[in-house]
Amino acid sequence: MRRTLKDLQDLIWGGRYSVKLHAAQHARAEGFTEADIVETLLNGRELAVYPQDQRMLLLGYINVSKYLKIPLHVVVDYSPYRWVDVVTAYIPDQPYRVISKERVAILISNHGRYSERVINPRAQPRQRPRAWRLKGSF
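Residues numbered from 1 in each chain as written. Predicted model: local features only at pLDDT ≥ 70, side-chain atom pairs only at ≥ 80, totals over all residues. Heavy atoms only, no water.

Caption draft 1: Molecular detail of the overall build of the protein. Check the secondary structure of the protein and you find four helices and five strands. Counting from the amino terminus, the protein carries its helices and strands in the arrangement α-β-α-α-β-β-β-β-α. Buried positions account for 33% of the 138 residues belonging to the protein. Considering only contacts in the protein between residues 6 or more positions apart, those separated by 24 or more positions represent 51%. Here the protein displays about 10,200 Å² of accessible surface, and carbon together with sulfur accounts for 54% of that area. (Helix = DSSP H or I, 4+ residues; strand = E, 2+ residues; numbered from the N terminus. Buried < 20%, exposed > 50% of the residue type's maximum accessible area, 1.4 Å probe, protein only. Contact = heavy atoms within 4.5 Å. Areas by Shrake-Rupley, 256 points an atom, 1.4 Å probe, with all protein chains shown as cover.)

Here is the structure:
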């Protein structure tokens, strides 16, 4: 069942959510609170939707001061009927990552929806150049 962010926000307003242990551990380790998570759920935006897993990645911001905001990613699971589980929440390592031309093309072709699963990673990892081997025998 495909749910929209608006559907999930209605459940959040009704208190029909739970913050899982993994999200609570990240919050404690990285210094944000459940209130920051809920703020992201209510005022954030979709970054990716994973319909096969019935999960959604949201982007929100933690207001540290009047002039400073820190990005916060929240992953929710909406598979239970009329309930939202906050699976994890974290401060991203690369919040301002440049989007490649390939990702932009997928966004345009999918009417603004983007999923990492659509993009195929490189088939093989990079090989080291042959020159790195030491000459001689061991």
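Caption draft 2: Summary view of the pairing of strand β4 (residues 69-77). β4 sits mainly inside the fold: seven of its nine residues count as buried. Sheet topology places strand β3 (residues 55-63) next to β4; nine bridges connect them, and they run antiparallel. Bridge pairing links methionine 56 to valine 76 in β4. Note that β4 and strand β5 (residues 84-90) share five bridges and pair antiparallel. Counted as the bridge partner of valine 76 is valine 86 from β5. Taking the residues between adjacent antiparallel strands as the criterion, β4 and β5 are bridged by six residues, where arginine 82 takes a positive phi near 60°. (Pairing = 2+ DSSP bridges.)

Caption draft 3: Spotlight on the sheet that holds strand β2 (residues 45-50). An order of β1-β5-β4-β3-β2 is seen for the five strands of this open sheet, with the pairing classed as mixed. Bordering the open sheet on either side are β1 (17-19) and β2, each of which pairs with just one other strand. Ignoring strand direction, the axes of neighbouring strands in this sheet form an average angle of 30°. Each of β1, β2, β3, β4 and β5 touches helix α3 (residues 34-43); the most contacted strand, β4, lies at about 75° to it. (Axes fitted to C-alpha atoms, helices over the stretch in contact; angles between N-to-C directions.)

Caption draft 4: Inspection of the pattern of salt bridges at higher detail. Overall, the coordinates contain two salt bridges when judged by the stated rule. Salt-bridge contacts for lysine 6 lead to aspartate 10; the nearest nitrogen and oxygen are separated by 3.0 Å. Of this pair, lysine 6 and aspartate 10 are both found in helix α1 (residues 5-13), four residues apart, which corresponds to roughly one turn of the helix. Note that aspartate 85 and lysine 20 form a salt bridge whose closest N and O atoms lie 3.9 Å from each other. Within this pair, whereas aspartate 85 is found in strand β5, its partner lysine 20 is found in the loop between β1 and α2 (21-30), the two being separated by 65 residues in sequence. For aspartate 85, a relative accessible area of 11% puts it in the buried group. Overall, the relative accessible area of 37% leaves lysine 20 in the partly exposed class. (Salt bridge = Lys/Arg side-chain N within 4 Å of Asp/Glu carboxyl O.)

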